[in-house]
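# What the coordinates show
What follows is each chain in one-letter form.
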Amino acid sequence: MRISELSARSGVSVATIKYYLRERVLPEGERTSPTQATYGEPHLRRLGVIRALVAAGVGIAGVRNVIGVLENPPEAPGALLGAASSAVNPADDDAHLDLEPARALVARFGGEPDECAPGQVAAVARALNALDRAGFAVPEPVLAAYVEHLAAIGEAELEATPADSAEEAVRYVVLGTVLVEPLILALRRVAEQMAASRRFGGG
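### A look at the packing of helix α3 (residues 41-55) against helix α4 (residues 60-71)
Viewed as axis vectors pointing N to C, α3 and α4 meet at an angle of 145°, and their least axial separation amounts to 10 Å. Remark: the crossing between α3 and α4 carries right-handed chirality. Here Arg46, Val49, Ile50, Leu53 and Val54 of α3 come into contact with α4, specifically with Val63, Val66, Ile67, Leu70 and Glu71. Its residues assigned to classes, the contact of α3 with α4 comprises 8 nonpolar, no polar and 2 charged.

### Brief notes about unusual backbone geometry
The phi dihedral of arginine 24 is positive, around 60°, even though this residue is not glycine. Within the secondary structure, arginine 24 is located in the loop between α2 (14-22) and β1 (30-33). We classify arginine 24 as exposed; its relative accessible area is 65%.

### Some thoughts on the packing of helix α6 (residues 100-107) against helix α7 (residues 120-134)
Interaxial distance between α6 and α7 falls to 8 Å at its minimum, and their mutual angle equals 115°. By the angle class used here, α6 and α7 are roughly perpendicular. Like other packed secondary-structure pairs, α6 and α7 cross with a definite hand, here right-handed. Residues Pro101, Ala102, Arg103, Leu105 and Val106 of α6 form the contact with α7, whose participating residues are Val121, Val124, Ala125 and Leu128. Classifying every residue of the contact of α6 with α7 gives 8 nonpolar, no polar and 1 charged.

### So, α3
Taking 1.5 Å as the rise per residue, α3 with 15 residues should run 21 Å; its terminal C-alpha atoms sit 21 Å apart, in good agreement. Those residues of α3 lying buried are His43, Leu44, Arg46, Leu47, Gly48, Val49, Ile50, Ala52 and Leu53. Downstream of α3 by one or two residues, glycine 57 has phi in the positive range, about 90°.

Quick notes on the rules
- Residues numbered from 1 in each chain as written.
- Predicted model: local features only at pLDDT ≥ 70, side-chain atom pairs only at ≥ 80, totals over all residues.
- Heavy atoms only, no water.
- Axes fitted to C-alpha atoms, helices over the stretch in contact; angles between N-to-C directions.
- Helix = DSSP H or I, 4+ residues; strand = E, 2+ residues; numbered from the N terminus.
- Left-handed = near helix turned anticlockwise from the far one by under 90°.
- Contact = heavy atoms within 4.5 Å.
- Nonpolar A, V, L, I, M, F, W, Y, C, P; charged D, E, K, R; others polar.
- Buried < 20%, exposed > 50% of the residue type's maximum accessible area, 1.4 Å probe, protein only.
- Parallel < 35°, antiparallel > 145°, perpendicular 65-115°, else oblique.
- Expected span 1.5 Å × (residues − 1).

This is the structure we're talking about:
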């Protein structure tokens, strides 16, 4: 397909497609003349990933990082998914954080904290630090429930992650992070309200 058809099918303007080509996050098409090229389904899939990343607020440098992993995929699929997750949730300056409580909590999921993508353990540490500053402690039974049920959610989401296309896997993780996390939080509040109604009665 010509670039105009690629634009029509992807919903991305020709000017933006040319920008992605210049930035080398979208591969060149097959040249048919010095000024013309044709594009295929892989370009459509790649544009889907780029659009998902951009919609998540990821800058061109983060997009390039994820595309770099796509083009040189690691042996472990988890590393690919970790790169997508890290692009959506870039690490802050975490030099001052005490990571040990976070590492201990992450280990309760049954693996090694070092298996996580860079920044993920630090994100847990920042959340724990915010709780400490507020003088709020999550009760141990509640924390245990978080670990148990979030582990089950993680397993279910991994089972649902597309396995036949690295691009689709990354798109799933990016959109799942940006769009599904608010749903999880909303459903948590629904569950709390229903639990309160069962326990105390009333609406």
